[in-house]
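So the chains spell out like this:
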Amino acid sequence: MKFIKQYWLVLPLFMLAVILVLNRTFSQKNFRYDAVKWAEPSATGSNILTEDQIATLSGEILLISLGNEASIDRQFQGNTMNINPESILEKTNLMRIRKNNGPVILYSGDNSVSARVWMVLSEMGMKNIYILKKIPA
């Protein structure tokens, strides 16, 4: 009895932790990892757009140029951001992306850079993010 009085606060917290660990161990539906769900558009190719498809999108389009080598058409100059790929997770950049009321389109001269940034943003739960694929001239 003295043991219970001495550890009355720690004991319920320990029991709760044990219950959560057992629940996680024996249950397949709780605490699921959702990377497969977030990466699905990448597997199906529904996250890739061409310049012609941009006109069909509704809402305020935000075009993000990743790196200095990316050249953007004149029609998108007003709705663009130039961001270094390494600084995409900075607070100001994330706030601007989240506040945009419409699709966010990522563009880089190297498609793998756009794909990596898309994966990071989509795993953070952001939706309506696309990769611009330029058609070779």
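Parameters at a glance
- Residues numbered from 1 in each chain as written.
- Predicted model: local features only at pLDDT ≥ 70, side-chain atom pairs only at ≥ 80, totals over all residues.
- Heavy atoms only, no water.
- Helix = DSSP H or I, 4+ residues; strand = E, 2+ residues; numbered from the N terminus.
- Buried < 20%, exposed > 50% of the residue type's maximum accessible area, 1.4 Å probe, protein only.
- Contact = heavy atoms within 4.5 Å.
- Areas by Shrake-Rupley, 256 points an atom, 1.4 Å probe, with all protein chains shown as cover.
- Expected span 1.5 Å × (residues − 1).

Asker: Provide a residue-level description of the overall build of the protein chain, including the pertinent values.
Answerer: Each helix and strand counted, the protein chain has six helices and five strands in total. Split into buried and exposed, the 137 residues of the protein chain put 31% on the buried side. Within the protein chain, contacts between residues separated by at least 24 positions form 66% of all contacts whose residues are at least 6 apart in sequence. Working note: accessible area of the protein chain is about 9,800 Å², and carbon and sulfur atoms make up 57% of it.

Asker: Requested: an account of the side chain of Ser114, with residues and values cited.
Answerer: Tracing the chain through its elements places Ser114 in helix 6 (residues 111-123). According to the relative accessible area criterion, Ser114 is buried, its value standing at 0%. Those residues within four positions of Ser114 in sequence are excluded, and the remaining contacts are Leu66, Leu106, Tyr107, Ser108 and Ile131.

Asker: I'd like a description of helix 6, backed by residues and values.
Answerer: Its 13 residues give helix 6 an end-to-end C-alpha distance of 18 Å, which sits within 8% of 18 Å, the value for a rise of 1.5 Å per residue. Looking one or two places after helix 6, you find Gly125, whose phi comes out positive at around 95°.

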